[in-house]
Structure formats: C-alpha cells, structure tokens
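Coordinate analysis (summary)
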Amino acid sequence: MARTRLISPFPKQFTDRQWARYVKQGRDMVEEDTSIQFRLGDLTLKMIKPKGRGINQGVFLVLDRFADEIGSNVNTLVKYRHVAVSWPPGERVPGVPWSVHSALDALPDRFEVIRHPPEGRERWTEDLALSRAGRLPSRPLTKEEKLDRVRTLMREDESATKAVEEMIRRPDVAQRVMSSPSNQRILYRAHHEQRQQAAAARFAAAHERDEADDEVEEVRQVRRREPAVDYQRASSEVLELIGSGTTFLVDLQRMIPRLHVAEFTEREVRAVLDNHRRIRAALDWCDSALSTGDKTMDEELARILSEGDDQL
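Per chain, the residues get numbers from 1 upward, laid out in the order the sequence is written. It should be noted that, the model being predicted, local features are given only for residues of pLDDT at least 70 and side-chain atom pairs only at 80 or more, the latter also being counted only at that level, while totals for whole chains, interfaces and linings use all residues. Only hydrogens and water are set aside; all other atoms, that is, all heavy atoms of the structure, feed into the side-chain values.

1. Points about the overall build of the protein chain
Worth spelling out the cut-off: Secondary structure counts use DSSP, requiring at least four H or I residues in a row for a helix and at least two E residues in a row for a strand, with both numbered from the N terminus. By definition in these notes, contact holds between two residues if any of their heavy atoms fall within 4.5 Å.
When its secondary structure is counted, the protein chain shows 13 helices and 0 strands. Going from the N terminus to the C terminus, the protein chain shows its helices and strands as α-α-α-α-α-α-α-α-α-α-α-α-α. Within the protein chain, contacts between residues at least 6 apart in sequence are counted, and of these 42% link residues at least 24 apart.

2. Focus on a nonpolar patch on the surface
Let me state the cut-off plainly: A patch consists of residues whose relative accessible area exceeds 30% and which take part in no salt bridge; residues with like charges are grouped when within 9 Å of each other, and nonpolar side chains (Val, Leu, Ile, Met, Phe, Trp, Tyr) when within 5 Å. Per-residue and other accessible areas follow the Shrake-Rupley method at a 1.4 Å probe size, with only the shown protein chains counted as cover for residues. Here, a salt bridge means any Lys or Arg side-chain nitrogen found within 4 Å of an Asp or Glu carboxyl oxygen.
Among the surface-exposed residues, M255, I256, L259, V261, F264, V269 and L273 lie close enough to one another that they form a single nonpolar patch of about 590 Å² accessible area. Locating V269 in the fold gives a position in helix α12 (residues 266-292).

3. Points about the packing of α12 against helix α13 (residues 299-306)
Going by this rule: The axes used here are C-alpha line fits, helices contributing only the stretch in contact, and every angle between their N-to-C directions lies in the interval 0 to 180 degrees. Under this scheme an angle from 65 to 115 degrees is roughly perpendicular, one under 35 degrees roughly parallel, and one over 145 degrees roughly antiparallel; angles in between are oblique. Crossings are sorted by hand: turned counterclockwise from the far helix by less than a right angle, the near helix makes the crossing left-handed, and turned clockwise it makes it right-handed. Under the convention adopted here, Pro, Cys and the residues Ala, Val, Leu, Ile, Met, Phe, Trp and Tyr are nonpolar, Asp, Glu, Lys and Arg are charged, and Gly plus all remaining residues are polar.
It is at 9 Å that the axes of α12 and α13 come closest, and there the two elements cross at 140°. As summarised for this structure, α12 and α13 are arranged oblique, according to the angle between their axes. As for the relative orientation of α12 and α13, their crossing is left-handed in sense. Across the interface between the two elements, R277, R278, A281, A282 and W285 of α12 pack against L301, I304 and L305 of α13. Among the residues forming the contact of α12 with α13, the class breakdown is 6 nonpolar, no polar and 2 charged.

4. Brief notes about the nonpolar core
The tendency in soluble globular proteins is for nonpolar side chains to be buried side by side. Short version of the rule: In this text, buried Ala, Val, Leu, Ile, Met, Phe, Trp, Tyr and Cys residues form a nonpolar core when linked through side-chain atoms within 4.5 Å. Per-residue accessibility, obtained with a 1.4 Å probe over protein chains only, is compared with the maximum for each type, and a residue is labelled buried under 20%, exposed over 50%, and partly exposed between these values.
Counting residues in each nonpolar core, the largest one holds 23 residues, and the members touching the most others are W87, V100, L104, I114, W124 and A129. The leading source of residues in this core is helix α3 (residues 74-86), at 5 residues. With sequence-adjacent residues up to four places away left out, L104 is seen in contact with W87, R110, V113, I114, A129 and R132.

5. With respect to the environment of T296
In plain terms, the rule: Contacts described as polar in this section are N or O atom pairs within 3.5 Å, which, within protein, must combine one atom able to donate a hydrogen with one able to accept it, while residues neighboring in sequence count only if both atoms come from side chains.
Residue position: T296 is located in the loop between α12 and α13. Classification of T296 as exposed rests on a relative accessible area of 58%. Note: C-alpha distance between T296 and W285 (11 residues apart in sequence) is 8.8 Å. Here D294 takes part through its side chain, which lies 2.8 Å from a polar atom of the side chain of T296.

6. What to know about the packing of aromatic side chains
Test applied: Paired rings are identified among Phe, Tyr and Trp, the last through its six-membered ring, by centres lying within 6.5 Å, and are further divided according to the angle between planes into stacked (under 30 degrees), edge-to-face (over 60) and tilted (the rest). Both a distance and an angle decide whether a charge sits over a ring: NZ of Lys or CZ of Arg must be within 6 Å of the ring centre and within 35 degrees of the ring normal.
All chains considered together, the criterion is met by 5 aromatic pairs. Pairing F10 with W19 gives two aromatic rings, centres 5.6 Å apart and planes at 65°, and the pair type is edge-to-face. Residue W19 is classed as partly exposed on the basis of its relative accessible area, which comes to 22%. A ring pair is formed by Y80 and W98, whose centres lie 5.2 Å apart and whose planes are at 85°; its orientation type is edge-to-face. Taken together, the residues span a long stretch of sequence, with Y80 in helix α3 and W98 in helix α4 (residues 98-103) at a distance of 18 residues. Across the pair, exposure class does not vary: Y80 and W98 are buried alike. One cation-aromatic arrangement involves R21 over Y22; the distance from NZ or CZ to the ring centre is 5.7 Å.

7. Quick look at the side chain of Q37
For Q37, the location among the structural elements is in helix α1 (residues 16-47). Residues within four places of Q37 in sequence aside, it is in contact with Y80 and W98.

8. Quick look at helix α2 (residues 59-70)
The line we're drawing: Take the residue count of a helix, subtract one, and multiply by 1.5 Å to get its expected span.
With 12 residues, α2 should cover 16 Å at 1.5 Å per step; its first-to-last C-alpha distance of 16 Å lies within 8% of that length. Just downstream of α2, G71 is the residue with a positive phi angle, here 75°.

9. Overview of the pattern of salt bridges
Applying the stated criterion across every chain, the model contains 9 salt bridges. A salt bridge links D251 to R254, with the nearest nitrogen and oxygen atoms 3.5 Å apart. Of the two residues, D251 and R254 both sit in helix α11 (residues 236-255), 3 residues apart, roughly one turn of that helix. Between E300 and R303 there is a salt bridge, and its shortest N-O distance comes to 2.5 Å.

10. Focus on α1
Structurally, the α-helix is built with 3.6 residues per turn, so residues lying three or four positions apart point the same way. End to end, α1 covers 46 Å across 32 residues, agreeing with the expected 46 Å (1.5 Å per residue, within 8%). When α1 is considered as a whole, its buried residues turn out to be V23, T34, Q37, F38, G41, T44 and L45. Taken together, the buried residues of α1 touch α2, α3 and α4.

Quick look at the structure:
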C-alpha cells in the first residue's frame, strides 16, 4: 500500500513537515524497541529450546534469575519468549510494532491477518489488533468496548460491590438506573431473596435453640408440634414454598408492632392494601393448584396479579 502524505492534525502547533518528522522519529524508535523485544525473546529461546508454545518446566526459574541479572522483569521476559515462539523470524512484519504482534499472537491465521490492516487504515495499532483478536482494547472508545471493560472488571464480587457503591454515591446516575422498571424488579427480587435467606437463618437458629431447650428440664413439659414435613427428604419446591411463606410471616411479625401507621398517607395505605389483595389472590391460586393440580391462571387472576408491577 502506498504511504499517504502525513498531514498535521494540530496545524496551530506543528506544520505538516514538522509533524511528519516527529512521526518518523517515533516510528524509528518503536521499530528499534520492537527489534529489541524480539531479540530478547529469541535469546531466551536460544538459552532454553522451546517445546510447544507454552512455558516449559524449569524455564521460569531460569528466566527469573536471568531477569535479575540483566535488570529486567521475569514476566516481561516470559511474554517476549511467548511472542517470539508465536512469530518465527520469517513471519514477523517489519514496521509493525511488537505490541501488534503480541495482540494477534493467539489467532490461528495471524501470519495472514497482520499483513492486511483493517479497511481504511494504513497501519495496525495495538487497539485495532486487540479488537481484531476479540480482546479488550487498551483504550476503549466505543460504547460496547467500554461496557466490555466494565464487565471484565466486575467479574469478581468484591470489585462489583465497590463499583455499585461508587455508583450510588452519584445521585444522578443512581436515579437513571432506578428509573428502569426492570432494574427495580431486579433489586426487589435481590432484596426479597436476601430477606428469605435471613428468615431461613433465623428459623434454623430458632430450631437449634428449641432442640437445645429440649434438654432443659423446665422446657420438657412444653408440648411441641411435630414438624409438618421431613426437611431432609422434602423436595426443593416444597421447601421453597414453605420458606417463602415463613419469610413473609416472620417479616410481618417483626414489622407490624413497629409500624407508624399514623404517618402513612391515604395513598400509601391504599397501595399496601392493594398489594395484600394481590398476595391473597396469589395464595388462593397456590392453594387451588395444591388441592386440584390445576395450575392454570384465568384472565381475572392475571389482571389482579399484574396490577402495580411498575411500582415494585
């Protein structure tokens, strides 16, 4: 491809000629740097012959000591070695930076790909090469690239927690997130599951206390009801149904005595009562399904249950 004439993108600071001169000097330095990186990688291959593209047993110890001797970093030498194995001398493309070779090193057709920059581009850049290889660019530009970077950073629970904490410290961002009904439902479900887990933990703790109390003489005279089901043999569906109802009952017993009903507005009272009406309808539906085996939902029930979804 014929090299196009360089035009200064900063005409107030550099003339076209000045810009071209600086670019040439920079490219020469990058090419020199690329040569050194490949030469160091080749040197490690000369010291210890490779067996496949991976790091062979014992290589790391040698490179670690060698890195100390030459004032380098062992991980840097390992990377140089890996790229040197991936790109035999005859396949390396002059004028293409080592970073581009590194970005493309996992592609099976890399020897062909590197000779054809993306359409409309005269040269490869590291970010273009990373994108071509399906990897995250060093400097994400598009919306999708930025989202990919965020998804990668948030794979660990601890990092995701910190990120959400930072988000809720920005009221404008938090408001935009919570304006979505789907996000509201996600948070509602997460909160509901958390309450279920907490209630299950309280239930288990109470059950353990009850068993311990059985050993106390004063409590032996208290008549205890046998468990409704064998919790060790019951199906997960049965346990989930019982657990959901238990959670609801425990939460109500905890909340009702502390309610400040006098402070509720008429609209808030009406919203709570409407929600309870939907809960009763859902319970009747569940009871009917358990009694008859018929799990179908009629139109009236569907209408009742769908009322107020956007407010959850």
